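Remarks on the overall topology
What follows is the residue order along each chain.
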Amino acid sequence: MSTDPSPGDLSPSQTRLLDAVDGDWIDEQAWQLLQIPSVTMDEGEVCGLFERQLRDLGLQVDVRAVDDDGRNNLYARIQGQGHGPTLMLNGHLDTIPLGDAWPPRQTETQLHGRGATDMKGGMASMLGAAKAILDSDTGLQGDLILTAVVGHEETIARKDGPMALIEDIRKGRVGADRILIVEGRDALWVMSMGSMVFTLHLDSARGGMHTQYVPFTDNPLRHVGDLIGAIHELQLRLDDTTQHPLAGAERIDLGAVHGGDYFNRTPTRCTLTGTRRWCPGRDAHQVLAELQALAQSFADAGDLRLTVEMEHEREPFETPEGDAAVRAVSAAHARICGDSPEVVGMRIVGDANLYVHGCGVPTFYYGPSNETAHADQEWVDRRRLRDAAAVYALTALDYCGQRE
Ligand SMILES: [Zn+2]
């Protein structure tokens, strides 16, 4: 990887912009962010720092309180001339619990600590791109919006920061034609499957009975066993029929099966809990209905009452590789890193699933790195922070357009 592509490939404005990417300054911003613990629900202090970092760039900051404890979303704008699309860079300021990734430390080439790669490093790269655009006096046609949210990582926050951003986009407080989440590794992550946690309850109307009076063929657990077999067969069908080119086959998985409370009594209630992940093109209710239909025949066979529930459902998203903003990142990565970025899809979901469905804005990811996210040894490479900032800056120039 090189940040020094041959100058002949670059326009004068691109060259000026890349010359203004200040790796040491980006390092310093990342290091400051790293030194403030910001586990979800305790982001107040780091919000204060990021707000100052934005203001130090000369930007006005729209401070959007997410709750009354200083947990704020932060929005800032580099205004364009008004004749181009608006690009929003987005990331979260909270982290998972500190664990063994504390305290932060530096090596010659890396920054270590909780949040280094997930995702204070990306936030520092975002700042670095903005600084390069401002310092080089690069004028844009469309607006470049910088956004930070709280409440991403821990479920206790119920995604309150991302949901507040969605509300603000819907109400016009902040705008975007595309959202680029500055998280992940240096690949174009353009697709995630939908995801849900499902629960199937099978209740026996006749209640618990001594097993000597119930032939095993009528035991609810026998029917649960058959249902588990059918779930396996469903997975085999999914393997055959739902291969997504970026993310592979859809999945159904079981994590917990409960039934019965005594060695010689039939259970009154059996419960199966698991996850289901599905490709773009279908939604959570369709997938749940399919699961209900599958389970119903086994419930009927055992004279059991079936109830089906889902929670934590997220719809799938897919932003086309040919999208103008995706192409802009791809071209910028090629200039900075000398190769085409990998294009990836995931079974796991993230904030892009929320943004795409919550406010209809095409969204995708490209970050400095992600390999040590949530690990006991979390770190980010300083070089990658600078390269990512250069990619974001070139992307803004390309996608938003250059001022005349
Ligand atoms: Zn993250």
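All figures in this text were calculated on a predicted structure; none of them were measured in a lab.

Before going further, it helps to spend a moment on the overall build of the protein. On a plain count of helices and strands, the protein comes out with 10 helices and 16 strands. Dimensions of the protein, computed from the C-alpha atoms along their principal axes, are close to 85 × 40 × 40 Å. Expressed as a percentage of its 404 residues, the buried residues of the protein come to 56%. For the protein, the exposed surface amounts to about 17300 Å²; the carbon and sulfur share of it is 46%. Positive and negative charge centroids in the protein, built from 36 and 61 side chains respectively, lie 2 Å apart.

Distances from the zinc ion to its protein donors, namely His92 (NE2), Asp118 (OD) and Glu183 (OE), fall within the range 1.8 to 2.1 Å. Spacing between the donor residues of the zinc ion along the chain follows H-x25-D-x64-E. Note that Asp118 is positioned in helix α4 (residues 116-135) and Glu183 in the loop between β7 (178-181) and β8 (188-192), a separation of 65 residues in sequence. A relative accessible area of 4% means that Asp118 is categorised as buried.

Here we take up the sheet that holds strand β16 (residues 379-381). Pairing in this open sheet of 3 strands is antiparallel, and the strands run β4-β5-β16 from one edge to the other. Only two strands of the sheet have a single partner each, and these edge strands are β4 (105-106) and β16. Sheet strands in contact with helix α2 (residues 23-34) are β4 and β5 (110-112), and its direction is about 10 degrees off that of β5. Contacts from helix α10 (residues 382-400) reach β4, β5 and β16 within the one sheet, and its direction differs from that of β16 by about 60 degrees.

Among the surface-exposed residues, Ile228, Leu254 and Val257 lie close enough to one another that they form a single nonpolar patch of about 200 Å² accessible area. For Val257, the position within the fold is in strand β10 (residues 251-259).

All right, on to helix α3 (residues 44-56) then. The end-to-end C-alpha distance of α3 is 19 Å, a good match for the 18 Å that 13 residues give at a rise of 1.5 Å each. Val46, Cys47, Leu49, Phe50, Glu51, Gln53 and Leu54 are the residues of α3 that are buried. Residues of α3 that are buried sit in contact with α2, β1 (61-65), β2 (72-78), α4 and β6 (144-149). Backbone geometry just downstream of α3 places Gly58 in the positive-phi region, at approximately 90 degrees.

As a further point, take the packing of α2 against α3. At their nearest, the axes of α2 and α3 sit 10 Å apart, and the two run at 160 degrees to each other. The angle between the axes of α2 and α3 places the two elements in the roughly antiparallel class. Where α2 crosses over α3, the handedness of that crossing is right-handed. Residues Gln29, Gln32 and Leu33 of α2 form the contact with α3, whose own contacting residues are Val46, Leu49, Phe50 and Gln53. When grouped by side-chain class, the residues that make up the contact of α2 with α3 number 4 nonpolar, 3 polar and no charged.

Now for the pairing of β8. Within β8, 5 of the 5 residues are buried, leaving the element largely enclosed by the surrounding structure. Two elements, β8 and strand β14 (residues 343-346), share 4 bridges in a ladder whose sense is parallel. Bridge pairing links Ser192 to Met346 in β14.

Moving on, we get to the pairing of β1. In this sheet, β2 lies alongside β1 in antiparallel orientation, the contact comprising 5 bridges. Within the sheet, the bridge partner assigned to Asp62 lies in β2 and is Tyr75. Here β1 hands over to β2 after 6 residues, with Gly70 in that stretch at a positive phi of 80 degrees.

Let us look at the domain arrangement of the protein. Considered domain by domain, the protein is made up of domain 1 (7-191 + 317-400) and domain 2 (199-314). Taken together, the contact pairs 14 residues of domain 1 with 9 residues of domain 2. Interface of domain 1 and domain 2: buried area, both sides summed, is about 1000 Å²; carbon and sulfur atoms make up 63% of it. For the domain 1 face of the interface with domain 2, the top three residues by lost area are Met191, Glu318 and Arg347, together amounting to 53%. Across the domain 1-domain 2 interface, the total number found is 0 salt bridges. Viewed at the interface, domain 2 and domain 1 are joined by 3 residue pairs in polar contact (both at pLDDT 80 or more).

As a further point, take the sheet that holds β10. With antiparallel pairing, the 4 strands of this open sheet are ordered in space as β10-β11-β9-β12. Strands at the two margins of the open sheet, each flanked by one partner only, are β10 and β12 (304-314). Taken pair by pair, the neighbouring strands of this sheet meet at an average axis angle of 15 degrees, ignoring direction. Two strands pair when backbone bridges link them, and strand β9 (residues 194-204) and β12 are joined in this way by 9 bridges, in the antiparallel orientation.

So, on to the environment of Gly184. Inspection of the secondary structure assignment puts Gly184 in the loop between β7 and β8. Residue Gly184 is classed as buried on the basis of its relative accessible area, which comes to 4%. In the structure, Gly184 is positioned 185 residues away from Ser369 in sequence and 5.4 Å away in space, judged by C-alpha atoms. With residues up to four places along the chain from it excluded, the contact list for Gly184 reads Gly367, Pro368, Ser369 and Asn370.

Cut-offs applied
- Numbering of residues begins from 1 in every chain and follows the order in which that chain's sequence is written.
- Two thresholds apply to this predicted model, a pLDDT of at least 70 for residue-level local features and 80 or more for giving and counting side-chain atom pairs, whereas whole-chain, interface and lining totals are computed over all residues.
- Heavy atoms throughout the structure, all of them, feed into the side-chain values; hydrogens and water do not.
- We count a stretch as a helix when DSSP gives it H or I for four or more residues in a row; a strand needs E for two or more, and each element gets its number in order from the N terminus.
- Only protein chains enter the accessibility calculation, which uses a 1.4 Å probe. A residue is then buried if its area is under 20% of the maximum for its type, exposed if over 50%, and partly exposed in between.
- Only the protein chains shown count as cover for residues, and the accessible areas themselves come from Shrake-Rupley with a 1.4 Å probe.
- Charge assignment: positive for Lys and Arg, negative for Asp and Glu; neither His nor the chain ends contribute.
- Working definition for charges: the position is that of NZ of Lys, CZ of Arg, CG of Asp or CD of Glu.
- Because no water is among the atoms considered, metal sites can look incomplete, with donors defined as N, O and S atoms within 2.8 Å of the metal, or 3.2 Å for Na, K and Ca.
- DSSP bridges decide pairing: two strands pair if at least two such bridges lie between them.
- In this description, contact between two residues means that some pair of their heavy atoms is separated by no more than 4.5 Å.
- An axis is simply a line fitted to the C-alpha atoms; with a helix, the fit covers only the stretch in contact. Between two such axes, the angle follows the N-to-C directions and lies from 0 to 180 degrees.
- Residues enter patches when their relative accessible area tops 30% and they take part in no salt bridge; the joining distance is 9 Å for like charges and 5 Å for the nonpolar side chains Val, Leu, Ile, Met, Phe, Trp and Tyr.
- Counted as salt bridges are all cases of a side-chain nitrogen of Lys or Arg within 4 Å of a carboxyl oxygen of Asp or Glu.
- Each residue after the first adds 1.5 Å to the expected span of a helix.
- For this classification, under 35 degrees means roughly parallel, over 145 means roughly antiparallel, 65 to 115 means roughly perpendicular, and everything else is oblique.
- Each crossing gets its hand from how the near helix is turned against the far one by less than a right angle, where anticlockwise is left-handed and clockwise is right-handed.
- When residues are grouped by polarity, Ala, Val, Leu, Ile, Met, Phe, Trp, Tyr, Cys and Pro land in nonpolar, Asp, Glu, Lys and Arg in charged, and all others, Gly among them, in polar.
- Throughout the structure description, domain borders are defined by an automatic or database domain assignment.
- By buried area we mean how much accessible surface two parts lose on assembly, using a 1.4 Å probe and totalling the loss over both.
- Within 3.5 Å is the distance limit for a polar contact, defined as a pair of N or O atoms, with the added protein rule that one can donate a hydrogen and the other accept it, and that residues adjacent in sequence qualify only through two side-chain atoms.

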